[in-house]
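Listed below are the residues making up each chain.
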Amino acid sequence: MNSHRIAVIPGDGIGPEVIAQGIKVLNHIAALDGKLQFEFTYYPWGCEFYSKHGRMMDDDGLDQLSQHEAIYLGAVGYPGVPDHISLWELLLKIRKGFDQYVNLRPITLLEGAPCSLKEVTREGIDMLVIRENSEGEYAGAGDWLFKGKPEEVVLQTGVFSRMGTERIIRYSYETARRLGRSLTSISKANALNYSMVFWDQVFEEVGREYPDVPTSSYLVDAASMFFVREPERFEVVVTSNLFGDILTDLGAALVGGLGLAAGANINPERKYPSMFEPIHGSAPDIAGRGIANPLAAVWSASQLLDFLGYEHHGRSVLKAIETVMTDGKVFTPDMGGRASTEQVGNAVVEALHALQ
Ligand code: NAI
Ligand code: MG
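Summarised in this report is the structure supplied together with it. (Residues numbered from 1 in each chain as written. Chains lettered and ligands numbered in written order. Predicted model: local features only at pLDDT ≥ 70, side-chain atom pairs only at ≥ 80, totals over all residues.)

For the rest of this paragraph, the subject is the site of ligand 1. What surrounds ligand 1 is a group of 24 residues, the closest being Gly-77, His-280, Gly-281, Ala-283 and Asn-293. No other element matches helix H4 (residues 83–97), which puts three residues into the shell around ligand 1. A class-by-class count of the residues in the shell around ligand 1 yields twelve nonpolar, eight polar and four charged. (Near = placed C-beta within 6 Å. Helix = DSSP H or I, 4+ residues; strand = E, 2+ residues; numbered from the N terminus. Nonpolar A, V, L, I, M, F, W, Y, C, P; charged D, E, K, R; others polar.)

A few words now on the sheet that holds strand S1 (residues 2–11). A sheet is described by the order of its strands in space; here ten strands give the open sequence S2-S1-S3-S12-S11-S4-S5-S10-S8-S9, paired in mixed fashion. Of all strands in the sheet, those bounded by a partner on one side alone are strand S2 (36–42) and strand S9 (215–219). Across this sheet, the average inter-strand angle for adjacent strands is 25°, counted without regard to direction. One ladder, built from three bridges, connects strand S3 (residues 70–75) with strand S12 (residues 274–278); its direction is parallel. Opposite Ile-71, over in S12, you have Met-275 as the bridge partner. Sheet contacts for helix H7 (residues 220–229): strand S8 (183–187) and S9; angle to S9, the most-contacted strand, approximately 105°. (Pairing = 2+ DSSP bridges. Axes fitted to C-alpha atoms, helices over the stretch in contact; angles between N-to-C directions. Contact = placed C-beta atoms within 7 Å.)

The next thing to look at is unusual backbone geometry. In this structure, Phe-146 takes a positive phi of about 50° despite not being glycine. Within the secondary structure, Phe-146 is located in the loop between strand S6 (136–145) and strand S7 (153–159). Overall, Phe-146 belongs to the exposed group, with 10 C-beta atoms counted inside 10 Å. Here Arg-270, not a glycine, exhibits a phi torsion of approximately 60°, which is positive. Among the structural elements, Arg-270 can be located in the loop between strand S11 (262–266) and S12. With 11 C-beta atoms counted inside 10 Å, the residue Arg-270 sits in the exposed group. (Buried ≥ 20, exposed ≤ 12 C-beta atoms within 10 Å, placed from the backbone.)

The following block contains the structure:
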């Protein structure tokens, strides 16, 4: 029996609703496999925990999580707790504490997914965006001087270390080589005359070790236009923390919306657990009504399976999502249907069984 220890942080709002469906899918995969087993440990951390205990997670939270191979997270954030607290004291604490410096966000138009673009083919949107996840514009370096005074000054500094820049770019070349695809770097060296000039330089330097990987470079503003107009230009994409954050939400909108978009936070060296999550938030506007779309959480469960070395199961989960969407009968309201979160989860499970 291959057993895997997974920490589960359902979090706030629709987090627990969608995670329940992802767990159901993972358990069915394990049952279908016969030799695979998951040991889930639940952690009640998030904004509700904060309102009781004054902190987003236990003080030794990272130690507890480090006992696991991977973390499966719903969403954190809820009205009443400032977003910068929920983000910095839970999500970013984990991403940074566990050096999850790779954020993998597939922007692939699955069969049956609604596409907001009229003039593209399904094959035309199939990219993997690799976002730098540990430093850059989100390094949290800066100051707020003379707060509230007329001479007030705010500084928010981008931090691009050689190690941090090289490792994300090298990871991206490796990934492009493994997949036999091109690699595009997205930066902004004309305006950001230190950080992005450096980024471009490292992209070129590291690229000399990968002469077999075709490359291109774009400025982020032009890239956002091409994401919409000619997405077929992009295969594997590497970009900084801020640009990646924005571009992947744009990308998510092209391939079915936030209810479908997944992201993995990876520590490639596997020294620490990696974390898998839908990229949407806790959606307080629809929380508690049982109508959240669980497909993003299910897609991230498929990324988790890939990470654990069960790519064939990961592919089955994506196929099952495609079956549900192509059938077109069981959609949550965000995708134009009337089904509940649970009905969509059940439909995925049925499709999985039918695939066997
Ligand atoms: P959001 O992603 O929660 O919601 C944006 C819109 O998309 C809402 O109208 C929501 O109903 C809809 N939506 C999102 N996920 C959906 C799903 N699975 N099914 C159907 N509809 C869905 O973003 P928002 O409103 O900006 O943030 C709400 C809270 O979530 C905030 O506290 C924010 O800080 C937090 N947040 C947490 C994230 C995380 O844990 N990774 C990521 C983004 C936001
Ligand atoms: Mg974001």
